[in-house]
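Chain by chain, the residues run as shown.
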Amino acid sequence: PAVGSYPEWNYVYPDSNAIYQCSSFELPESSEMVFEGEFPHARHTSWTVYGGQGSHQLIDTQIVPDPGSKNPFIIGNNRQSKNRSYTVRLVNGLLPENPDDREPNTLYSNGRQPGPFVNLLCQRIYVPDQKTEPFGDTQLPEVTLVQPDGSKLTGKAMCEAVDALNKGFAAPPQAIGFDLNTYVGLRQAGLGAGTPPTHPATNPPVFRAFFDANHQRCVFFTPNADCGEPVYNPDGVGLGNPSNRYIETYVDRGFGEVLVLRAKKPFTPSTWHGNPYVADEDYDLVYYSICPQESLATWRVGDCIFDEELPTDSDGFYTLVLSRPSDRPSNANEKCGVAWAPLPPAGDGAGDLWLSNIWIRFLLPSPDFEEAAQNVEYPGQEPDVMGPYLPAGEYMSTSAFEARGCPRGNHAR
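Only a predicted model underlies this, so the values are computations on that prediction, with no experimental measurement involved. Sequence order as written defines the numbering, with residues in each chain counted from 1. Per-residue local features of the predicted model are confined to residues with pLDDT of at least 70, and side-chain atom pairs are confined, for both listing and counting, to 80 or more; whole-chain, interface and lining totals are unaffected and use all residues. To get the side-chain values, all heavy atoms of the structure are used, and hydrogens and water are removed first.

### Quick notes on the nonpolar core
- Within the largest apolar cluster, 31 residues are counted, with the highest numbers of intra-cluster contacts made by Ile-247, Leu-320, Ile-358 and Phe-362.
- Each helix is a run of H or I in the DSSP string that is no shorter than four residues. Each strand is a run of E no shorter than two, and both are numbered from the N terminus. At the level of elements, strand E12 (244-252), strand E13 (258-264), strand E14 (287-293), strand E16 (317-323), strand E17 (339-342), strand E18 (355-363) and helix H4 (382-386) are the ones that each hand at least two residues to this core. To define a nonpolar core, start from buried Ala, Val, Leu, Ile, Met, Phe, Trp, Tyr and Cys residues and group those joined through side-chain atoms within 4.5 Å. Type-normalised accessible area, obtained with a 1.4 Å probe on protein chains alone, sets the label of each residue: buried when under 20%, exposed when over 50%, and partly exposed for intermediate values.

### As for helix H3 (residues 213-221)
- Among the residues making up H3, those that are buried are His-215, Gln-216, Cys-218, Val-219, Phe-220 and Phe-221.
- We define a polar contact as two N or O atoms separated by no more than 3.5 Å, with the added condition that, inside protein, one atom must be a possible hydrogen donor and the other a possible acceptor, whereas residues neighbouring each other in sequence contribute only through side-chain atom pairs. Backbone nitrogen of Asn-214 and a side-chain oxygen of the N-cap are separated by 3.2 Å at the start of H3; the cap is Asp-212.

### Description of the pattern of salt bridges
- Whenever Lys or Arg places a side-chain nitrogen within 4 Å of a carboxyl oxygen from Asp or Glu, that contact is recorded as a salt bridge. If you walk through the whole model with that rule in mind, you get twelve salt bridges.
- Measuring nitrogen to oxygen at the nearest pair gives 3.0 Å for the salt bridge that ties Arg-89 to Glu-103. Remark: Glu-103 occurs in the loop between strand E6 (85-91) and strand E7 (106-108) and Arg-89 occurs in strand E6; sequence separation between them is 14 residues.
- With a relative accessible area of 23%, Arg-89 lands in the partly exposed category.
- On the accessibility criterion, Glu-103 (44% relative accessible area) is partly exposed.
- Through salt bridges that share partners, Glu-32, Arg-89 and Glu-103 make up one connected network.

### What to know about the environment of Asp-179
- Here Asp-179 shows up in the loop between helix H1 (155-161) and helix H2 (180-189).
- Between the C-alpha atoms of Asp-179 and Gly-349, which are 170 residues apart in sequence, the distance is 13 Å.
- Separated by 2.9 Å, the side chain of Asp-179 and the backbone nitrogen of Thr-182 make a polar contact.

### Observations concerning the packing of aromatic side chains
- Ring pairs are drawn from Phe, Tyr and Trp, using the six-membered ring of Trp, whenever the two centres fall within 6.5 Å, and their geometry is named by plane angle: stacked under 30 degrees, edge-to-face over 60, tilted for the rest. Applying the stated criterion to the full structure yields 17 aromatic pairs.
- For the pair Phe-39 and Phe-73, a centre-to-centre distance of 6.1 Å together with 65° between the ring planes defines the contact as edge-to-face. In this pair, Phe-39 is assigned in the loop between strand E3 (32-38) and strand E4 (42-51) and Phe-73 in the loop between strand E5 (54-59) and E6, connecting sequence segments 34 residues apart. Taken individually, Phe-39 and Phe-73 each receive the classification buried, so the pair is uniform in this respect.
- Ring geometry for Phe-369 versus Tyr-389: centroids 5.0 Å apart, planes at 85°, classification edge-to-face.

### Some remarks on the confidence of the model for the chain
- Model confidence for the chain is summarised by a mean pLDDT of 90, while 91% of its residues fall at 70 or above.
- Contacts for the low-pLDDT stretch residues 409-413, under 50 throughout, to residues beyond four places or in other chains number 19 contacts. Here pLDDT means the predictor's own confidence in every residue, given as a number from 0 to 100. Pairs of residues are marked as contacts when any of their non-hydrogen atoms sit within 4.5 Å.

### With respect to the state of the cysteines
- Criterion for a disulfide: a pair of cysteine sulfur atoms at a distance within 2.5 Å. This structure, assessed with the given rule, holds four disulfides.
- Between the sulfur of Cys-218 and that of Cys-227 lies a disulfide, 2.0 Å long from S to S. Of note, the bridge from Cys-218 to Cys-227 carries an S-S torsion of about -80° and is left-handed in sense.
- Residue Cys-218 is classed as buried on the basis of its relative accessible area, which comes to 13%.
- In the chain, numbering the disulfide-bonded cysteines from first to last in sequence yields the connectivity 1-2, 3-4, 5-6, 7-8.

### Looking at the side chain of Asp-313
- Within the element layout of this structure, Asp-313 appears in the loop between strand E15 (305-306) and E16.
- The class of Asp-313 is buried, set by a relative accessible area of 15%.
- At 2.9 Å, the side chain of Asp-313 forms a polar contact with the backbone nitrogen of Asp-315.

### Notes on a negative patch on the surface
- Candidate patch residues must exceed 30% relative accessible area and have no salt bridge, after which like charges are joined if within 9 Å and Val, Leu, Ile, Met, Phe, Trp or Tyr side chains if within 5 Å. Residue exposure ignores everything except the shown protein chains as possible cover, and the areas themselves are Shrake-Rupley values with a 1.4 Å probe. Positive residues here are Lys and Arg, negative ones are Asp and Glu, while His and the chain termini are left out of the count. The atom standing in for a charge is NZ when the residue is Lys, CZ when it is Arg, CG when it is Asp and CD when it is Glu. Residues Asp-280, Glu-281, Asp-282, Asp-368 and Glu-370 make up a contiguous surface patch of negative charge.
- Mapped onto the secondary structure, Glu-281 falls in the loop between E13 and E14.

### Examining the sheet that holds E6
- Any two strands are treated as partners once DSSP identifies two or more bridges connecting them. The strand order across the open sheet built from five strands is E7-E6-E3-E9-E10, with neighbouring strands paired in mixed fashion. Of all strands in the sheet, those with a lone pairing partner are E7 and strand E10 (152-153), marking the two edges.
- Across two bridges, strand E9 (residues 142-146) lies against E10 in antiparallel orientation. Residue pairing in the sheet places Val-146 in a bridge with Lys-152 of E10.

### Things to note about the sheet that holds E14
- Pairing within the open sheet is antiparallel, and its five strands lie in the order E11-E12-E18-E14-E15. Here the strands that pair on one side only, and so sit at the sheet edges, are strand E11 (208-209) and E15.
- Axes here mean lines fitted to C-alpha atoms, for a helix over just the part in contact, with angles spanning 0 to 180 degrees between N-to-C directions. Along the sheet face, H3 touches E11 and E12 and points at about 25° away from the line of E12.

### Details of unusual backbone geometry
- With an omega of 0°, the peptide bond between Glu-133 and Pro-134 qualifies as cis.
- Mapped onto the elements of the fold, Pro-134 is located in the loop between strand E8 (119-128) and E9.
- Omega for the peptide link from His-199 to Pro-200 comes to 10°, which places this bond in the cis form.
- Tracing the backbone shows Pro-200 in the loop between H2 and E11.
- Notably, Asp-137 is not glycine yet its phi reads approximately 60°, a positive angle.
- The backbone of Trp-299 shows a phi angle near 55°, a positive value even though the residue is not glycine.
- Position of Trp-299 relative to the elements: it lies in the loop between E14 and E15.
- Relative accessible area serves as the criterion here: at 5%, Trp-299 is assigned to the buried category.

Put into structure tokens, the structure is as follows:
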């Protein structure tokens, strides 16, 4: 299925500016799958296998194009090149520890994982160029199963041979592996007696770098408990992108109709308008986005804002207003140098219409970008490591924000 912000497939915290093609599989011994595709017209693409020994990923710049084609993700190549085909294979076995032992354009299954999926494969496409949605003006890759005797299967026969039935995807689930009643209990009594209705949100909001699901749940919902040592899981929650590092917080309208976030915007490439070339510069990140979403109860996302939608002032700072559409300040618009995003209409998706969650993605930082979320090694280091790139939040009324007026010429890039 295509996982995204579409109502029927909106779960596992998708980014609404991306599309994900995912399928479960169980690769027969000594067989391999071959994927023949085209590089999409997009900011970024990747292939990720989730196996029992962790994930293995090929990102766009690592994929060697077919003879006669070009990889448009290599800086200097024409992003609109007509010849853009590639071939990727997936084999059984663990990822070799030594990168020199890894075959080009090859994914490794990394062993079986427990649960219904056995193994899972996802292709991601971030920010398809304008008017090329959803797959960046490309067709889905053609898939062939090469059996041990050299015979090949395609179509339904191939799907049956690898058991690609997407067990567990038959109906859109709530959060995978997380109990709704447990969530409601943590939300309503996570601090013990006297838990406020705004829990787990705080005023001002505090953004925390993601480590692992259990630790993250503990520090937000039961912060008075001993949450133990975090174990950083680069796969994130569920099917997290190992190329991302996430920071998150909870917000609650009980503190104010409007939440205003302000931070320095990382320097990222411009691609959305179909730019034929990407300038050869030292970008901070390949991609940056801010996603208002419901909660652990649903893993459902709202309307994300990505880097090219964030106007900045002369110092490179953005201002983002989050509110319900009915509370949107009249000066929360691009003309006034302010971005706006709606808070989820269903709140946390579990009965609290005022509470919701925000995730911010930092994708593939430059080694020179010291303030990247990827460099937070321990909880609490976020302010010192991220500096001005860590958002500061302020709650206020709609009228209070409108009283700021609309300064002219304050968006520089």
